[in-house]
Amino acid sequence: QVQLAESGGGLVQAGGSLRLSCAASGFTFSNYAMGWFRQAPGKEREFVAAITWRGSGTYYAESVKGRFTISRDNTKSTVYLRMNSLKPEDTAVYYCCAGNMIMTVTTGNSSHWGQGTQVTVSS
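Model, not experiment: these values are computed from the prediction.

## Some thoughts on the packing of aromatic side chains
Going through the model one piece at a time under the given rule, you end up with three aromatic pairs. Consider the rings of Phe 37 and Phe 47, whose centres lie 5.6 Å apart with planes at 70 degrees: the pair is edge-to-face. Placement of the pair is Phe 37 in strand β4 (residues 33–39) and Phe 47 in strand β5 (residues 46–51), with a sequence separation of 10 residues. On the accessibility criterion, Phe 37 (6% relative accessible area) is buried. Judged by centre distance (5.2 Å) and plane angle (70 degrees), the ring pair of Phe 37 and Trp 113 falls under edge-to-face. On the criterion of sequence distance, the pair formed by Phe 37 in strand β4 and Trp 113 in strand β10 (residues 112–113) is long-range, its members being 76 residues apart. The cationic tip of Arg 45 hangs over the ring face of Trp 113; the distance from NZ or CZ to the ring centre is 4.7 Å. Over the ring of Phe 29 we find Arg 72; its NZ or CZ atom is 4.4 Å from the centre of that ring.

Below, the structure written as structure tokens:
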């Protein structure tokens, strides 16, 4: 069955870095656009970053532009989110998602979602 398994979350001090990974299985990874969303306590889930199926196009929320980098390795069916210069407001559960078009990913309408990984940034 379809599975998206996030890893790499944890506790980090402000200014630090983390790299999230999302390993996909159960579908043809290279045919799907991939993305990351996050949800902080008491807030709605929000878009963070997305990448096209070939990796030729990337999209970011304004709040993370210049600090986060999304990438993918189709040979490993894995998408990554490199997060630098982390801020306390980046604290959230981060979710990986997959959609058949980049727009379905960026608008939160992905067909597949992971269970999430917690990122906590201390001040």
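## Some thoughts on the state of the cysteines
In the structure shown here, the tally under the stated rule is one disulfide. Free of any disulfide, Cys 97 has its nearest cysteine sulfur in Cys 96, 6.3 Å distant. Overall, Cys 97 belongs to the buried group, its relative accessible area being 0%.

## Focus: the sheet that holds strand β1 (residues 3–7)
The antiparallel open sheet is built from four strands, whose spatial order is β1-β3-β8-β7. The open sheet has two edge strands, β1 and β7 (68–73), and neither has a second partner. Each neighbouring strand pair of the sheet contributes to a mean axis angle of 15 degrees, computed without reference to strand direction.

## Quick notes on the nonpolar core
Ranked by size, the top nonpolar core spans 35 residues in total, and within it Met 34, Trp 36, Val 79, Leu 81, Met 83 and Tyr 94 carry the most contacts. For this core, the elements supplying multiple residues, two or more each, are β3 (18–25), β4, β5, β7, β8 (78–83), β9 (92–99) and β11 (117–122).

Reading the values: the criteria
- Residues numbered from 1 in each chain as written.
- Predicted model: local features only at pLDDT ≥ 70, side-chain atom pairs only at ≥ 80, totals over all residues.
- Heavy atoms only, no water.
- Phe/Tyr/Trp six-rings, centres within 6.5 Å; stacked < 30°, edge-to-face > 60°.
- Helix = DSSP H or I, 4+ residues; strand = E, 2+ residues; numbered from the N terminus.
- Buried < 20%, exposed > 50% of the residue type's maximum accessible area, 1.4 Å probe, protein only.
- Lys NZ or Arg CZ within 6 Å of the ring centre and 35° of its normal.
- Disulfide = S-S within 2.5 Å.
- Pairing = 2+ DSSP bridges.
- Axes fitted to C-alpha atoms, helices over the stretch in contact; angles between N-to-C directions.
- Core = buried A, V, L, I, M, F, W, Y, C linked by side-chain atoms within 4.5 Å.

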